[in-house]
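Below are the chains, spelled out letter by letter.
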Amino acid sequence: MTTTTVEGLVPRMRQVCGAANVITDPLELRTYECDGLTSHRSVPALVVLPATADEVAAVVASCAGAGVPFVARGSGTGLSGGALPHQDGVLVVMSRMRKILEIDPVSRRAVVEPGATNLSVSKAAAPFGLFYAPDPSSQVICSVGGNVAENSGGAHCLKNGFTVHHVTGLEIVTPAGELTWLGDGTGVTTGYDLLGAFTGSEGTLGIVTKIVVKLMPLPETVHTLLAAYATTSDGGRAVSDIIGAGIVPAAIEMMDALSIEAAEAAVHCNYPQGAGAVLIVELDGPTSEVETELATVRALCEAAGATEVRAADDPAERALIWAGRRSAFAAVGRISPAYIVQDGVVPRTSLGDVLARIAALSEQAGVRVANVFHAGDGNLHPLVLYDDASPEQTVAAEELSGAILDTCLEHGGSITGEHGVGVDKSRYMPKMFSADDLDTMQLVRCAFDPASLCNPGKVFPTPRLCGEVPGHRRAPHPAVAAGLAEIF
Amino acid sequence: MDTERALVPHIRDALSAACPATRDGGASDAVAGVVPALVGSPASTAEASALLAAAAAHDLSIVPRGAGLGLGWGLPPASCDLVVEMSLMAEVIEHEAGDLVARVQAGTTIGHLATVLAQAGQQLALDAPAHATVGGVVATGTAGPRRFRYGAPRDLLIGLTAVRADGVVAHSGGKVVKNVAGYDIGKLFSGSQGTLGVITEATFRLHPLPAAVSYVTAEFGAAERAGATAAVAAAATSALVPSAVELDWPGGSSRPLRVGVLIEGTAAGVADRARRMSELLAAAGGAPLVAVSPTAPPRWGQLPSSSAVIRTTFWVGKLPGVLDALVAAAADAGVRPAVSGPAGAGALYACLDPRTSDDAAGRFVRGLRERLGVSPAPRGSVVVLTAPPAVLAAVDAYGAVPGAALMRAVKDQFDPGYRMFPGRLAGGS
């Protein structure tokens, strides 16, 4: 592919999106060179900002016709480089499509455009006593379309599930430039669950243009407990005991001493001084259930050796507790010149072993690691702190970060719980999946995007040539090919 | 792909070499009336892989089978050389209670799994028959009343092992609940009805068994349909977190309607929530007869014996219009469907009496589709889940399915020879 081809598309793109919404100026293009993962950069050949689904379809159809790769971008907050532009391709920026199109409170559904921010959906639903459950830490800015691409979670997905559990319909533009719906908006599937397969496919199967999401009734009561411990393993024992008691809290988060120090410096969240770990447990639901669970959780936290347990019952106190947790990623910037945000998952019962292993690796490498994690579901976010002025430290930090993922896999976990594979982790995919597993996943890719133009180079370490279908290849049954029959 | 050819001795030998528990098919192995030439019972994923590879080499058509409960739903197979049945893979491989996760072989029954999990106070939160298999439940997407709170199998499945039509073994997901590495092939296989491959293992997220349950029911006279739909809406949008919101309307428009709400939780919490839910249903529904019971009301989550089952899905706010359409379409067609299902989750099943004529059944389906129409954006569907072949031939079982062209493309990739459950395609072979 050459940039000449992309330049050839400019007149058509201007016709489709309007001249003001087609960016060709090199300086302006540079502002789109990365997403939230700034270590990977690539200036796109062209940026377009379509305003409607039809415009997106026309943009993609032009790219498909010219054989030009294209990448969709929401708010650009992704942490795995999923929206990293293709240097010879078109970056399709969804920020002009941010309307909340419909709220149906009785059906508990909203229809939104992909550029709408995550939080704007909950804000629009609040007057009806409803909210949109997935709540990634970046919810003020991240887009729902990006959430669909990444199958975003958030602190409260322990109880409420991920984006895929809250999306019931998607209007997409296929990589061939055709508009189609996946799912019938109700949450009941007919035929293959393409809605489920598309969600979390990291922008490689098409571009979302409308999203039907489930809304949930706002919980009647919310209680947040903060428990301080001498060590993370004490805190981990409390987590196991809570789960063992048959309680599924809305969230269970843990921070270790280093991340507490950073958060304290950044937002003065007033966490207990000298704590080796803090545990944040949030319970929500009907008042009569939450009150019962709260007493049990408090007792279990104390029994596990808490040095202090605080309950935050009003929204202001709760906000302060969460401010510390939410600020953690940015806050470590105050105690280290540079850091890597890692995202790995282990079975909850392995948390203690894995944290000990990370501590050992950290000491061995001479690189500090601050741990912030969703303890309830075993999703770790080790923050690897280093000085990027030192090439040796940089290498050591990257190696340590990789070794942490190896540790997660050794314990039966995953290389990513919520940040995605993107460009950042595609090289780790063969450690988690066999060649046959990856080949099978790419059959889906070949079904949607045989020309491999839609966000190429992401997720998979090596692309599959879609012509190479193993086994017998026969034409579809005539009745199917003639459109007389569906797959079911 | 005729049966005679599969009986050629060397083919049988090849399959037996791959999977020792391979035998001739008989009348009791028939899939919707089609007798398979051979039945293979793999004892491991490796054997299933070898069996499917051998079947691929001889171009055999294949029907995967669990307990066989879903085989009659949809069209019969156009051809069935080999049934791959999963009864030798019936073990709970791993249950880590502290992780609320279980890894299970596909032939494990729901009842056996429930017994194992209950020892740790846990459950797979799906309502499926005890003798159904895990693989069958995933492949058919079976979900009952608690779909309202916990969703369908696709929502609880976190890892999958399946054997493709060409014999290749594929894994996706894993054994951690939170995991976004790679495409979710488990979603694709959920509800795929054996048309993409054979599921051999599934890993699920579990839930704690509730300490207490309570069923709140409200009865409405035939004339109080509006009260019943208002009660469904009130329950479904309440912050009392019901686990199920069901509507049951047996035997047509002249009979009473029952709204049933399941509450699960702690003993004290459930007592309080059930009381408040009964007040809510009474207030919303215009003073119906409300009862609270620790046991399920009759027919809870069960469909009556019927010749045809038609599933209607909808946005819950449109429930009054859906009931109007059901009544009108039934009257026009001269049928009296029993209507029940998870109305609060946007689905109802209309079951036609076994004596219903094929013509009348076809008219009912067409009438329903005309009345419920097609919105610019999809807002539901009318799907014939099971019906006599003549009815299935007369009406398109699935109607206009969003993304049908992409589904065909997926099938082309996974099963280019169209050997996995051929004929499950609506409209013929």
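Here the structure is a predicted model, which is why all the values come from computation and not from measurement.

1. Notes on the overall build of chain A
- Scanning chain A for helices and strands turns up 16 helices and 19 strands.
- In terms of overall dimensions, chain A is globule-like: its C-alpha atoms have a radius of gyration of 23 Å, near the 23 Å expected for 488 residues.
- In terms of overall dimensions, chain A has C-alpha extents of about 65 × 60 × 50 Å along its principal axes.
- Here chain A holds 488 residues, and 59% of them are scored as buried.
- In chain A, 71% of the contacts between residues at least 6 apart in sequence involve partners at least 24 apart.

2. Some points on the pairing of strand β10 (residues 207-214) of chain A
Residues and elements named next belong to chain A.
- The element β10 is largely enclosed, with a buried count of eight among its eight residues.
- Two strands pair when backbone bridges link them, and strand β6 (residues 109-112) and β10 are joined in this way by four bridges, in the antiparallel orientation. In the sheet register, V111 faces β10, and the bridge partner there is V212.
- Here six bridges tie strand β8 (residues 167-173) to β10, and the two strands are oriented antiparallel to one another. Looking at the pairing, G169 lines up with V212 of β10.

3. Side note on the sheet that holds strand β9 (residues 179-182) of chain A
Residues and elements named next belong to chain A.
- Pairing is antiparallel across the open sheet formed by five strands, whose spatial order is β5-β6-β10-β8-β9. Every interior strand has two partners, whereas the edge strands, β5 (100-104) and β9, have only one. Going from strand to strand, the sheet's axes swing by 15° on average, the running direction of each strand aside.
- Bridge count for β8 against β9 is four bridges, and the pairing is antiparallel. For I172, the partnering residue across the bridge sits in β9 and is T180.
- Packing against the sheet, helix α4 (residues 118-125) makes contact with β5, β6 and β10, and its axis sits at approximately 40° to β5.

4. Topic: the domain arrangement of chain A
Residue and element names in this part refer to chain A.
- Domain annotation of chain A identifies domain 1 (3-93), domain 2 (100-217), domain 3 (220-330) and domain 4 (336-424).
- For domain 1 versus domain 4, the separation of C-alpha centres amounts to 32 Å.
- Facing the eight residues of domain 1 at the interface are eight residues of domain 4.

5. What about the domain arrangement of chain B?
All names here are of chain B.
- What the domain assignment reports for chain B is domain 1 (3-87), domain 2 (92-208), domain 3 (212-293) and domain 4 (308-410).
- Computed from C-alpha atoms alone, the centre-to-centre distance between domain 1 and domain 4 is 33 Å.
- Every contact between the two is made by four residues of domain 1 and, on the other side, four residues of domain 4.

6. With respect to the pairing of strand β18 (residues 368-374) of chain A
Residues and elements named next belong to chain A.
- The buried fraction of β18 is high, at six of seven residues.
- Examined bridge by bridge, β18 and strand β19 (residues 379-386) share seven bridges and lie antiparallel to one another. Its bridge partner lying in β19, R368 is registered against L385.
- Count of turn residues in the β18/β19 antiparallel hairpin: four residues, of which G378 carries a positive phi of about 70°.

7. Considerations on the interface of chain A and chain B
- Between chain A and chain B, the contact holds 92 residues from the first and 91 residues from the second.
- Among the elements of the structure, β8, β9, α7 (194-198), α8 (232-244), α10 (287-303), α14 (429-432), α15 (435-448) and α16 (478-481) of chain A are those that each provide at least two residues to the side of chain A that touches chain B.
- Broken down by element, the side of chain A that touches chain B gets its largest block of residues, nine residues, from α15(A).
- A breakdown of the residues in the side of chain A that touches chain B according to their chemical character gives 39 nonpolar, 36 polar and 17 charged.

Reading the values: the criteria
- Residues numbered from 1 in each chain as written.
- Chains lettered and ligands numbered in written order.
- Predicted model: local features only at pLDDT ≥ 70, side-chain atom pairs only at ≥ 80, totals over all residues.
- Helix = DSSP H or I, 4+ residues; strand = E, 2+ residues; numbered from the N terminus.
- Rg over C-alpha atoms; globule rule 2.2 N^0.38 Å.
- Buried ≥ 20, exposed ≤ 12 C-beta atoms within 10 Å, placed from the backbone.
- Contact = placed C-beta atoms within 7 Å.
- Pairing = 2+ DSSP bridges.
- Axes fitted to C-alpha atoms, helices over the stretch in contact; angles between N-to-C directions.
- Domains from an automatic or database assignment.
- Nonpolar A, V, L, I, M, F, W, Y, C, P; charged D, E, K, R; others polar.

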